[in-house]
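Summary of the model geometry
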Amino acid sequence: MAARTAPEGLRLGYPCQNRTLRATTNHTVRERNVVLGERLDQAVRANLRDLERILWWNARQGIRLFRVGQHLIPFASHPRFPWDWEERYGAEIQRLGALARSLGIRLSFHPGQYVNPGSSEPSVRDRSLRELRYTARLLARFGDPEGVVVLHGGGVYGDRQRALGRLCRALQKEEEVLRFLALENDERCWSVADLMPAARVLGVPVVFDLLHHRWRPGGLSEGEALAAALETWGGRRPKVHVASQARGGRPGAHAPYLHREDWRRLRAVLRGSGVDVMVEAKAKERAVLRILRWEGLQR
DNA sequence: AGATGTCAAGCGGAT
DNA sequence: ATCCGCTTGACATCT
């Protein structure tokens, strides 16, 4: 029996893996084993297979947003990667993209802390761009018109203006990356307000992260920062990240589930607007199901 | 068999 | 000056 579908006003998602299914899109290999093509191929096939299982499961639960793991094709941007991954897996990726679309599921990516195109170190910038191009190519292959690559601002190195300049210069000619890119505030370096100039120059939107905002509000209230971020999406459907602070954890550590008061506050400022909410919680899909129950949309 | 420690990568901050 | 955390699976090495 099909779950009731969330109204278009609110779509929820979770990152990378489904614990209920014991499925993950982050199967990988050790770097030294990249040359062993068979292991690498097995990891990719496992990721694609698990992605398909997750997509079907999500659709049944009324979950319409999913972050694909950065390791979908492990080491794809690494110099030792042995193949043309598009040639080898492109058709299958296209098929899964069509499936996601037919199920109404939006896909996103979120490269990690090593991807820092505004680094002061040229080799770091180069590596970062290669990883971002790979990620954008994946989304192009998936064919998701609403696909997003969410990236943090990276290091500040004691000079925000210069860091900002490097970030913009590194990215401003990366047409395909910019098609999908969005910048997210983090808890240490870049508040929503800090990101705005880069977002304007690059013509990319800003992802508001509730928990990060708590630790680095940058002079804006929650409502103000959220509103500022939402405006950057123009006609496109905005995306927001939500997490709760782990009790007793270091600032920014994710709690297993979303705390109800955090959800209520976000819900109040979002009201009925058409926004996608990525729930970053240790319990992954179970945290999403709990919110759907709060919303009266599940069981 | 099971348990443990390390792994491509960069930063800021704590110590 | 050095270490830790981010996230978490793979796998080499140990008991």
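Let me sum up the structure you'll find in this document. Everything quoted here is computed from the prediction, not taken from an experiment.

Rules used in this analysis
- Residues numbered from 1 in each chain as written.
- Chains lettered and ligands numbered in written order.
- Predicted model: local features only at pLDDT ≥ 70, side-chain atom pairs only at ≥ 80, totals over all residues.
- Heavy atoms only, no water.
- Helix = DSSP H or I, 4+ residues; strand = E, 2+ residues; numbered from the N terminus.
- Rg over C-alpha atoms; globule rule 2.2 N^0.38 Å.
- Buried < 20%, exposed > 50% of the residue type's maximum accessible area, 1.4 Å probe, protein only.
- Contact = heavy atoms within 4.5 Å.
- Areas by Shrake-Rupley, 256 points an atom, 1.4 Å probe, with all protein chains shown as cover.
- Lys, Arg positive; Asp, Glu negative; His and termini not counted.
- Charge placed at Lys NZ, Arg CZ, Asp CG, Glu CD.
- Near = heavy atom within 4 Å.
- Polar contact = N/O pair within 3.5 Å; in protein donor to acceptor, adjacent residues only side chain to side chain.
- Nonpolar A, V, L, I, M, F, W, Y, C, P; charged D, E, K, R; others polar.
- Core = buried A, V, L, I, M, F, W, Y, C linked by side-chain atoms within 4.5 Å.
- Phe/Tyr/Trp six-rings, centres within 6.5 Å; stacked < 30°, edge-to-face > 60°.
- Pairing = 2+ DSSP bridges.
- Right-handed = clockwise from strand over helix to strand, strands pointing away.
- Salt bridge = Lys/Arg side-chain N within 4 Å of Asp/Glu carboxyl O.

**Some remarks on the overall build of chain A**
When its secondary structure is counted, chain A shows 10 helices and 10 strands. A globule of 299 residues ought to have a C-alpha radius of gyration of about 19 Å, and chain A, at 19 Å, matches this closely. Dimensions of chain A along its principal axes, counting C-alpha atoms only, are 55 × 50 × 40 Å. Of all 299 residues assigned to chain A, the portion counted as buried reaches 55%. For chain A, contacts bridging at least 24 residues in sequence account for 78% of all contacts bridging at least 6. For chain A, the accessible surface area stands at approximately 13,500 Å², while carbon and sulfur atoms represent 49% of it. One way to put it: in chain A the 50 positive side-chain charges average out to a point 4 Å from where the 33 negative ones average out.

**Remarks on the protein's contact with DNA strand C**
Near DNA strand C you find 15 residues, and of these Gln17, His27, Thr28, Arg30 and Lys284 are the closest. What you see for DNA strand C is that sugar and phosphate hold 70% of its atoms within 4 Å of the protein. One of the side-chain N or O atoms of His27 is found 2.9 Å from a phosphate oxygen in DNA strand C. The class makeup of the residues in the surface near DNA strand C is one nonpolar, seven polar and seven charged.

**Re helix α10 (residues 285–294)**
Because each turn of an α-helix spans 3.6 residues, side chains separated by three or four positions in sequence point in the same direction. Along α10, the residues that are buried comprise Glu285, Ala287, Val288, Leu289, Ile291 and Leu292. In this fold, the buried residues of α10 make contact with β1 (10–15), β2 (17–18), α1 (37–61), α9 (260–270) and β10 (275–279). Downstream of α10 by one or two residues, Gly296 has phi in the positive range, about 70°.

**Things to note about the environment of Leu195**
Tracing the backbone through its elements, the reader meets Leu195 in helix α6 (residues 192–202). In the structure, Leu195 is positioned 12 residues away from Val207 in sequence and 9.9 Å away in space, judged by C-alpha atoms. Each residue touching Leu195, except ones within four places of it in the same chain, is listed here: Gly153, Leu183, Glu184, Asn185, Trp190 and Val206.

**With respect to the protein's contact with DNA strand B**
Taken together, the neighbourhood of DNA strand B is formed by 17 residues, with Arg30, Glu31, Ser119, Arg127 and Tyr157 sitting nearest. Here, DNA strand B places atoms within 4 Å of the protein, and 46% of those atoms are sugar or phosphate. Contacts to DNA strand B include Arg127, whose side-chain N or O atom sits 2.8 Å from a phosphate oxygen. The residue inventory of the surface near DNA strand B, partitioned by class, reads six nonpolar, six polar and five charged.

**Observations concerning the nonpolar core**
By size, the foremost hydrophobic cluster in this structure holds 82 residues, and its most contacted members are Leu12, Ile73, Trp85, Leu171, Leu181, Val277 and Val279. Ranked by the residues each element gives to this core, the list is headed by α1, at eight residues. Aside from chain neighbours lying at most four places away, what touches Trp85 is Ile73, Ala76, Gly90, Ile93, Tyr134, Arg137 and Leu138. Counting five residues, the second-largest nonpolar core is a separate cluster that includes Val148, Val150, Ala182 and Trp233.

**Overview of the packing of aromatic side chains**
What the rule picks out here adds up to five aromatic pairs. Taking the centre distance of 5.7 Å and the plane angle of 85° together, the rings of Trp85 and Tyr134 count as edge-to-face. Of this pair, Trp85 sits in helix α2 (residues 85–102) while Tyr134 sits in helix α3 (residues 122–142), and the two are 49 residues apart along the sequence. Taken together, a centroid distance of 6.4 Å and an interplanar angle of 35° make the contact between Phe109 and Phe142 tilted. One end of the pair, Phe109, is in strand β5 (residues 106–109); the other, Phe142, is in helix α3, with 33 residues separating them in the sequence. Take Phe109: its relative accessible area is 1%, and that puts it in the buried class. Taking relative accessible area as the criterion, Phe142 reaches 2% and is therefore assigned buried.

**So, the pairing of strand β7 (residues 181–184)**
Side-chain alternation along β7 places Leu181 and Leu183 on one buried face and Ala182 and Glu184 on a second face that is also buried. With four bridges connecting them, strand β6 (residues 148–152) and β7 associate as parallel partners. By the bridge assignment for β7, Val149 is matched with Leu181. The pairing of β7 with strand β8 (residues 206–209) spans two bridges and is classified as parallel. Along β8, the bridge assignment pairs Glu184 with Val207. Tracing the backbone out of β7, into α6 and back to the parallel element β8 gives a crossover that is right-handed.

**A closer look at the pattern of salt bridges**
Applying the stated criterion across every chain, the model contains 23 salt bridges. In this structure, the salt-bridge partner of Glu92 is Arg95, at a minimum N-O distance of 2.9 Å. Within this pair, Glu92 and its partner Arg95 are both found in helix α2, separated by three residues, close to a single helical turn. A relative accessible area of 38% places Arg95 in the partly exposed class.

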